Amino acid sequence: QVQLVESGGGLVQAGGSLRLSCAASGSIFVINAMGWYRQAPGKQRELVATIIRGGRTNYADSVAGRFTISDDNDKNTVYLAMNSLKPEDTAVYYCNANVKISPTHFPYDYWGQGTQVTVSS
């Protein structure tokens, strides 16, 4: 199976920056895409940013221009650099990876355990 381990969350003041990391390990044949989602209290989980194999990126409108997603294919790791943070960015951030564990398996979405990001005003 595949494990995703996130790190880098914490408490920061509005206007500050944080960098999240997520490393994938286990039975990985190929990672098709990785991304970050977030869930605030009382709200549904929402997409923050994704990066597809080959480098194409996608961002939620609410974070475009402030957050940057990147990856290191050699390390099976995805990063999320978050700048100009706002209180409304407060949420649990989850890493996601779409992974094939062998040439004959369909790709499957794996999730990390989540990391808390809190932005104080």
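The model shown is predicted, which means the values in this text are computed figures rather than measured ones.

Caption draft 1: Representation of the state of the cysteines. Summed over the entire model, instances satisfying the criterion amount to 1 disulfide. Note that Cys22 is cross-linked by a disulfide to Cys95, the S-S spacing being 2.0 Å. On the sign convention where negative is left-handed, the bridge of Cys22 and Cys95, at about -85° about the S-S bond, is left-handed. With Cys22 in strand E3 (residues 18-26) and Cys95 in strand E9 (residues 91-100), the pair connects residues that are 73 residues apart, well separated along the chain. Note on accessibility: Cys22 and Cys95 belong to one class, buried.

Caption draft 2: Examining the environment of Cys95 more closely. On the accessibility criterion, Cys95 (0% relative accessible area) is buried. Between the alpha carbons of Cys95 and Met34 there is a distance of 7.4 Å; along the sequence they are 61 residues apart. When neighbours within four sequence positions are excluded, Cys95 is seen to be in contact with Leu4, Glu6, Cys22, Met34, Gly35, Trp36, Val78, Tyr110, Trp111 and Gly112.

Caption draft 3: Representation of the sheet that holds strand E1 (residues 2-7) in the model. Read across the sheet, 4 strands follow the order E1-E3-E8-E7 without closing on themselves; strand pairing throughout is antiparallel. Pairing within the sheet leaves two strands with one partner each, and these edge strands are E1 and strand E7 (67-72). Averaged over all pairs of adjacent strands, the angle between strand axes in this sheet comes to 15°, irrespective of strand direction. Pairing geometry for E3 and strand E8 (residues 77-82), over 6 bridges, is antiparallel. Looking at E8, one finds that Ala23 is bridged to Thr77.

Caption draft 4: How the structure looks around the packing of aromatic side chains. Scanning all chains against the criterion turns up 2 aromatic pairs. Relative to Tyr110, the ring of Tyr108 lies with its centre 4.9 Å away and its plane at 70°, an arrangement referred to as edge-to-face. A relative accessible area of 51% means that Tyr108 is categorised as exposed. Classification of Tyr110 by relative accessible area gives buried; the value is 10%. The ring centre of Tyr94 lies 3.8 Å from the NZ or CZ of Arg45, which sits over that ring. The lysine or arginine in question, Arg45, covers the ring of Trp111, its NZ or CZ lying 4.7 Å from the ring centre.

Caption draft 5: Expanded view of the pairing of E8. Counting buried positions over the 6 residues of E8 gives 5, a clear majority of the element. Direction of pairing for E7 relative to E8: antiparallel, over a ladder of 6 bridges. Counted as the bridge partner of Asp72 is Thr77 from E8. Hairpin connection, E7 to E8: the antiparallel pair is bridged by 4 residues, and Asn76 has positive phi, about 50°.

The rules we used
Residues numbered from 1 in each chain as written. Predicted model: local features only at pLDDT ≥ 70, side-chain atom pairs only at ≥ 80, totals over all residues. Heavy atoms only, no water. Disulfide = S-S within 2.5 Å. Helix = DSSP H or I, 4+ residues; strand = E, 2+ residues; numbered from the N terminus. Buried < 20%, exposed > 50% of the residue type's maximum accessible area, 1.4 Å probe, protein only. Contact = heavy atoms within 4.5 Å. Pairing = 2+ DSSP bridges. Axes fitted to C-alpha atoms, helices over the stretch in contact; angles between N-to-C directions. Phe/Tyr/Trp six-rings, centres within 6.5 Å; stacked < 30°, edge-to-face > 60°. Lys NZ or Arg CZ within 6 Å of the ring centre and 35° of its normal.

Remember that the coordinates give geometry; whether it matters functionally is a separate question.
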